[in-house]
Amino acid sequence: MGLCHGKPIEPPQNSSEDLSGENNEPPLNSSTRKTPKFPFYSPSPLPSSFKNSPAHSSSVPSTPLRFLKRPFPPPSPAKHIKALLARRHGSVKPNEATIPEGSECEIIGLDKNFGFSKNIVNHFELGEEVGRGHFGYTCSAKGKKDSLKGQDVAVKVIPKSKMTTAIAIEDVRREVKILRALTGHKNLVQFYNAYEDEDNVYMVMELCKGGELLDKILSRGGKYSEEDAKVVMIQILSVVAYCHLQGVVHRDLKPENFLFTSKEDHSPLKAIDFGLSDYVKPDERLNDIVGSAYYVAPEVLHRSYGTEADMWSIGVIAYILLCGSRPFWARTESGIFRAVLKAEPSFDEAPWPSLSSDAIDFVKKLLNKDYRKRITAAQALSHPWLAGHQDEKIPLDMLTYKLVKAYTSSSSLRRSALAALAKTLTIPQLAYLREQFTLVAPNKSGLISLHNLKTAVAKNSTDAMKDSRVLDYVNVVCSLQYKKLDFEEFCAAAISVHQLEGMESWEQHACQAYEFFEKDGNRPIMIEELASELGLSPSVPIHVVLQDWIRHSDGNLSFLGFVRLLHGVSSRVVHKA
Ligand SMILES: Nc1ncnc2c1ncn2[C@@H]1O[C@H](COP(=O)(O)OP(=O)(O)OP(=O)(O)O)[C@@H](O)[C@H]1O
Ligand SMILES: [Ca+2]
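On a predicted model such as this, the values are computed, not experimentally measured, just so you know.

> Which residues make up the side chain of N522, and what values do they have?
Locating N522 in the fold gives a position in the loop between α20 (506-520) and α21 (527-533). A polar contact of 2.8 Å, which involves the side chain of N522, links it to the side chain of E518. A distance of 3.0 Å separates the side chain of N522 from the backbone nitrogen of L557, its partner in a polar contact. The residues touching N522, leaving out its near neighbours within four places in the chain, are Y514, F517, R551, N556 and L557.

Here is the structure:
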């Protein structure tokens, strides 16, 4: 049962947390948002040219929640998770070179030289502040020479005084590296160059003049029509699918980190702020708790996550776009975490009953607490809610590679179980697989080889794909020995059992698949053979565990055994240090 239902969760009785009220939500709406900018932000030293800018002098009142009349506070700027800030600012990890924030001490042992160009003033005339975040602030600027001469740009300024830990420095290094490598996608802010001096790092990029997506949501009173929400979603998914294919997880997707390039109605949306992003290989899990509380995925809180965590955040954004409330809300950070881990978001209250079933299904598939059942960005773009709405090409999905890798190293018994399951797929489910198959470029006979998988990835490769070692992963997949696949076998290989299991129609799929398997693939199986199929160690009392999985009448696999076999050996993952 859910705890949340879109309503504020009361903080636990006797809780000592947040008595200061620092976590209370300011009642932001489109008019109040402009003044109380970031209540948690402690201003960093501005270059003298910015000291008089209005944003710098704004004071920040915050309203305790008890004064709020609205039961559902509108979405407001999300705070970063405290543990993340503590790690970056050095108050929880004594073994890292740190100083308390605001301290005057010298930082010893931290190398703050980034190797960037040193002369930003020769290249750009810095202008007024246009935005501010926890780690930096952003100014407009004008190019003085070369190709950017006369052009308006944005310069994100990150004060070195804020880089008080090795982690914080590494974050900035990685932010520049990732943005430099990924730049070029139409929904990603164009990066031009990075500079530094004694005091700051400067990231020069395209100036987005249309403001944040959060402001747009608020100015519309919180709600988007389905049609308008689709336009936003497609752009977010497109850039996130691109990042994920390159092996980059953003880790801070929220409406504040998407900007419109202009104030015009159909202005494109651009992802910004890769300050918390990281590289992750398909078989690797990250473990540091990073992000903003409202948008953080359950598995991030469990400290074992990959790119799926971004899909959760996109689910939260989609939920907010469509109904104007946050799916997981509480007054305190730990209350939000509890809701994220335990509560089911409400789809009962207005406007949900009046929205299309496709829209609801789309959001639910993103907000699945089991990351293995959550859809990927490429799948979300192929979801019936969005399919046909776009001229957007469906991108290649790394999930396909992961599944094909597991398939080709499976036993023939498991492969025939998967073939049976693939026969139960419906036309919309097959559409996504057809797209993926086509992207891998089958030959004239309609066959693909594992080598084709590599060629398809190489076409989309950026430096980020090398840095994330996704290319190494793909090389491993392609070096496996396996015959060419036709579309039918590709479906068996690239089907995600977990995702199907997450669907309401799972039982029908499983039962029907078992019938196919009975006709084609089932055969007598020894308990020991089954144990090795499933990777059970000899220490497991297999005769007790597995007896239900084998049918006593003929020694063939039972339905239970069949379902277990579909899942196969649980794949090992590497935890990134
Ligand atoms: N290219 C840009 N064009 C216009 N404004 C921008 C641009 N990049 C950033 N901004 C503004 O500056 C703000 C802060 O930038 P950014 O999110 O990159 O900083 P941050 O300190 O890493 O933020 P956060 O606190 O979310 O981590 C943005 O919310 C936005 O309003
Ligand atoms: Ca930001």
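Moving on, there is more to tell.
> Please provide a residue-by-residue account of the coordination of the calcium ion (ligand 2), values included.
Donor atoms from the polypeptide that bind the calcium ion (ligand 2) are N257 (OD1) and D273 (OD), placed at 2.3 to 2.4 Å. Taken together, the residues span a long stretch of sequence, with N257 in the loop between β6 (248-249) and β7 (258-260) and D273 in the loop between β8 (269-271) and β9 (278-279) at a distance of 16 residues. Given the relative accessible area of 5%, N257 is considered buried.

> Requested: an account of unusual backbone geometry, with residues and values cited.
Following A350, the chain continues into P351 via a peptide bond in cis, with omega recorded as 5°. With a phi close to 70°, R251 is a non-glycine residue in the positive phi region. Inspection of the secondary structure assignment puts R251 in the loop between β6 and β7. Its identity as a non-glycine residue notwithstanding, R469 has a phi of 65°, on the positive side.

> Describe the packing of aromatic side chains, with residues and values.
Counted under the stated rule, the structure contains 14 aromatic pairs. Between Y407 and Y482 the ring centres are 5.9 Å apart and the planes differ by 75°, which places this aromatic pair in the edge-to-face class. One end of the pair, Y407, is in helix α12 (residues 398-408); the other, Y482, is in the loop between α17 (470-479) and α18 (487-494), with 75 residues separating them in the sequence. Among the residues examined, Y407 registers a relative accessible area of 3% and is labelled buried. Considering the side-chain rings of Y514 and F559, the 5.5 Å spacing of their centres and the 75° angle between planes classify their relative orientation as edge-to-face. A residue pair is termed long-range when its members are at least 10 positions apart, and Y514 in helix α20 and F559 in helix α23 (residues 559-567) qualify at 45 residues. Three or more aromatic residues joined by ring pairs make a cluster, and in this case those are Y514, F517, F559 and F562. If you follow R220 out to its NZ or CZ, it ends over the ring of Y224, 4.1 Å from the centre. The residue whose ring lies beneath K423 is F516, and the NZ or CZ to ring-centre distance is 5.4 Å.

> Please provide a residue-by-residue account of the confidence of the model for the protein chain, values included.
A low pLDDT means the predicted coordinates there should not be read in detail. In this model, the protein chain carries an average pLDDT of 83, and 82% of its residues clear a pLDDT of 70 or more. The low-confidence segment residues 1-71 (pLDDT under 50) makes 134 contacts with residues lying over four places distant or belonging to another chain. Considering only residues more than four positions removed or in separate chains, one finds that residues 92-106, a stretch of pLDDT under 50, has 22 contacts.

> Kindly report on the UniProt feature "domain: Protein kinase" (unreviewed entry) in the protein chain, identifying the contributing residues and their values.
Mapped onto the present numbering, the UniProt feature "domain: Protein kinase" (unreviewed entry) falls on residues 124-386. Helix makes up 34% of residues 124-386 and strand 19%. Its end C-alpha atoms lie 41 Å apart.

> Could you give me a rundown of the site of ligand 1, with the residues and numbers involved?
Around ligand 1, the surrounding shell holds 23 residues, and the nearest of these are H134, F135, K156, E206 and E212. Among the elements of the structure, β1 (124-132), β3 (152-159) and β5 (200-206) are those that each provide at least two residues to the shell around ligand 1. For the shell around ligand 1, the element with the highest residue contribution is β1, accounting for 3 residues. In terms of residue class, the shell around ligand 1 is built from 9 nonpolar, 7 polar and 7 charged.

> Let's hear about the sheet that holds strand β2 (residues 137-143): which residues, and what values?
With antiparallel pairing, 5 strands are arranged side by side in an open sheet as β1-β2-β3-β5-β4. Strand pairing shows two members of the sheet lacking a second neighbour, β1 and β4 (191-196), which therefore form its edges. Between one strand and the next, the sheet's axes are offset by a mean angle of 25°, whatever the strand orientation. Sheet topology note: the β3/β5 ladder contains 7 bridges and is antiparallel. Within β5, the position partnered with I158 by the bridge is V201.

Procedures and definitions
- Residues numbered from 1 in each chain as written.
- Chains lettered and ligands numbered in written order.
- Predicted model: local features only at pLDDT ≥ 70, side-chain atom pairs only at ≥ 80, totals over all residues.
- Heavy atoms only, no water.
- Helix = DSSP H or I, 4+ residues; strand = E, 2+ residues; numbered from the N terminus.
- Polar contact = N/O pair within 3.5 Å; in protein donor to acceptor, adjacent residues only side chain to side chain.
- Contact = heavy atoms within 4.5 Å.
- Donors = N, O, S within 2.8 Å, 3.2 Å for Na, K, Ca; no water.
- Buried < 20%, exposed > 50% of the residue type's maximum accessible area, 1.4 Å probe, protein only.
- Phe/Tyr/Trp six-rings, centres within 6.5 Å; stacked < 30°, edge-to-face > 60°.
- Lys NZ or Arg CZ within 6 Å of the ring centre and 35° of its normal.
- pLDDT = per-residue confidence, 0-100.
- UniProt positions renumbered as here; feature names shortened; annotations may be inferred.
- Near = heavy atom within 4 Å.
- Nonpolar A, V, L, I, M, F, W, Y, C, P; charged D, E, K, R; others polar.
- Pairing = 2+ DSSP bridges.
- Axes fitted to C-alpha atoms, helices over the stretch in contact; angles between N-to-C directions.

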